[in-house]
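Observations on the model geometry
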Amino acid sequence: MKKSTQKLWGGRFSAPTDELVEEFTASINFDKRLYAEDIAGSIAHATMLGRQKIIPATDVQPLIDGLEQIRNEIESGEFAFSIALEDIHMNIESRLGEIVGPEIAGRLHTGRSRNDQVALDFRLYIRRQLLNVEELVYDFIKVLVDKAETEIDVIMPGFTHLQQAQPVLFAHHLLAYVEMFKRDAERLGDCRKRLDYSPLGSGALAGSSFALDRESVARDLGFSGVTANSLDAVSDRDGVAEALFDFSLLMIHLTRFCEELVLWSSVQFNFITLSDSFCTGSSIMPQKKNPDVPELIRGKSGRVVGSLVNLLITLKSLPLAYNKDMQEDKEPFFDALDTVVGSLRIMAPMINEMRVNKEVMARQAGAGFSTATEIADYLVRKGLPFRSAHAVVGKAVAFCEAHNLIFTDLSISQWLEFSDLFAEDLFVLLSPIDAVDAKDLYGGTARIQVAEQIELARKYLDSVKV
Ligand code: ARG
């Protein structure tokens, strides 16, 4: 059995840690991502300890300088991370001892535990990353709005059950995603609000017997307040769970769009053409151009939803307060974060460069009797109850299908055989754009409404610009 070296917590131990245990319990390989937050937290804590005269005032500056030097060492790649030192907190503290000497470095952890320390670091980290993801979402929304504006004239078939339903503006379809991603960004903002309380001062679980000034530390670190219960504060990972849910739903929204991109770029649909730089070829079939990026985003959504489930199961049935299980909170978060960031970063330019095959969409918008509802509504306006109107138009559809015709092939005398309410004014309703413009109420697909929604989306983006 291989044994390791002396630990910072090794006072009561007579036998060194087995190397297998060391490797199994270490988190440094992933929690090193928290280094900046760990250092910021330690600087705020040390400053407060000095101010409160809990440690000698003369120790504060050396501690800060030492911590800043460590930050530089990590950022320049010089820092030697050690598995034997378990996690980011002890890697930093141990190096601090080398720089400022064990006596001064040994005072930093006064009135603090790794339990409130890691709770703090992770909160700070998640808050910062959520803000970054929100910005990426807004960047992506802007691409969607820009596309909606440049393609405002494009009509496409709208679908239900993936069957042609009623014509809609392509811009209206894009703006549906704008609404989803707006909600996603706002959810991330809500999550940040609940992370806005500093857990420092909760100690291992019970609080601290030192006269810590929790509020000033919270303020220095940009929190709006402090947590109210020490047991809860060191064992609460709700913010991680919420963030993972928010990421999951965001990914699910992306997969719905990606699924459409995959369908639309097929020869069968041919609604859009993805830029060559966002597709790949086949090693055997020379003609192939595969929509790998949307497919992969669709595929990667599983990791994000999996991360949410992973974390929830980690937390399930955990007794208060801190348990080592909770160290398993970080990898799912990091993986989900990287997936979401990567997906958003690639979606924006892909949509920006996507070509819209306007004629194909317009032709399809008119196919499949997509204006049938318009004709039924026409009969309703002439006094027929909607259900009867529905039946009349259904008969017209069946007649056209049997004779391989479309609505615009029928003459007025043919229409009159289905109902004597039909008149010449019917013919201004039969084209898809008429059906689109007829949906002229708030939230509808009429050009005038969609133009207004584009305007509102731009105002929204101005108002949230982070
Ligand atoms: N690496 C640990 C984690 O991420 C830090 C907290 C350790 N606390 C403890 N009591 N062992 O959860």
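Since we're looking at a predicted model, the values are computed, not measured. (Residues numbered from 1 in each chain as written. Predicted model: local features only at pLDDT ≥ 70, side-chain atom pairs only at ≥ 80, totals over all residues. Heavy atoms only, no water.)

1. A look at the site of the ligand
The test is simple: The rule for a residue being near a molecule or strand is that one of its heavy atoms must lie within 4 Å of it. Contacts described as polar in this section are N or O atom pairs within 3.5 Å, which, within protein, must combine one atom able to donate a hydrogen with one able to accept it, while residues neighboring in sequence count only if both atoms come from side chains. Accessible surface is estimated by sampling points in the Shrake-Rupley manner with a 1.4 Å probe; for residues, cover comes only from the protein chains shown. Only DSSP runs of H or I reaching four residues or more are called helices, and only runs of E reaching two or more are called strands; each is numbered from the N terminus. Classification convention: Asp, Glu, Lys, Arg as charged; Ala, Val, Leu, Ile, Met, Phe, Trp, Tyr, Cys, Pro as nonpolar; all other residues, Gly among them, as polar.
Taken together, S27, D31, D87, H89, R114, N115, V118, Y322, Q327 and K330 make up all the residues around the ligand. Within the side chain of R114, one N or O atom sits 3.5 Å away from a nitrogen atom of the ligand. Take K330: an N or O atom from its side chain is 2.5 Å from an oxygen atom of the ligand. Protein chains shield 87% of the accessible area of the ligand, which is 340 Å² for the free molecule. Ranked by residue count, the leading element in the shell around the ligand is helix α7 (residues 114-150), at three residues. Of the residues in the shell around the ligand, the class split is two nonpolar, four polar and four charged.

2. Describing the side chain of R237
The test is simple: The contact rule is simple, with two residues in contact once any of their heavy atoms fall within 4.5 Å.
Following the sequence through the fold, R237 ends up in the loop between α10 (230-235) and α11 (238-264). Polar contacts involving the side chain of R237 include one to the side chain of D329, which spans 2.7 Å. With residues up to four places along the chain from it excluded, the contact list for R237 reads V118, A119, L311, L315, Y322, M326 and D329.

3. Observations regarding the environment of E424
Spelled out, the test is: The classification of residues rests on relative accessible area computed with a 1.4 Å probe and restricted to protein chains. Under 20% of the type maximum is buried, over 50% is exposed, and intermediate values are partly exposed.
Tracing the chain through its elements places E424 in the loop between α17 (412-418) and α18 (432-438). When its relative accessible area of 54% is taken as the criterion, E424 is described as exposed. Once the C-alpha coordinates of E424 and S413 are considered, the two residues, 11 residues apart in sequence, prove to be 10.0 Å apart.

4. Quick look at the packing of aromatic side chains
Our working rule: Within 6.5 Å between ring centres, the rings of Phe, Tyr and Trp (the latter by its six-membered ring) count as paired, and their orientation is classed by plane angle as stacked under 30 degrees, edge-to-face over 60, tilted in between. Geometrically, a charge over a ring is one whose NZ (Lys) or CZ (Arg) sits within 6 Å of the ring centre while staying within 35 degrees of the ring normal.
Here the structure, examined in full by the defined rule, presents 22 aromatic pairs. With a centroid separation of 5.7 Å and 85° between ring planes, the pair formed by F122 and F333 is classed as edge-to-face. Taken together, the residues F122 in helix α7 and F333 in helix α13 (residues 330-353) connect sequence positions 211 residues apart. A relative accessible area of 2% means that F122 is categorised as buried. Between Y125 and F333, the ring centres sit 6.4 Å apart and the planes meet at 75°, which makes this aromatic pair edge-to-face. With Y125 in helix α7 and F333 in helix α13, the pair connects residues that are 208 residues apart, well separated along the chain. Put simply, the rings of F369, Y378, F399, F407, W415, F418 and F422 touch in pairs and so form one group of aromatic residues. Cation over ring: R12 sits above F13, and NZ or CZ is 5.9 Å from the ring centre.

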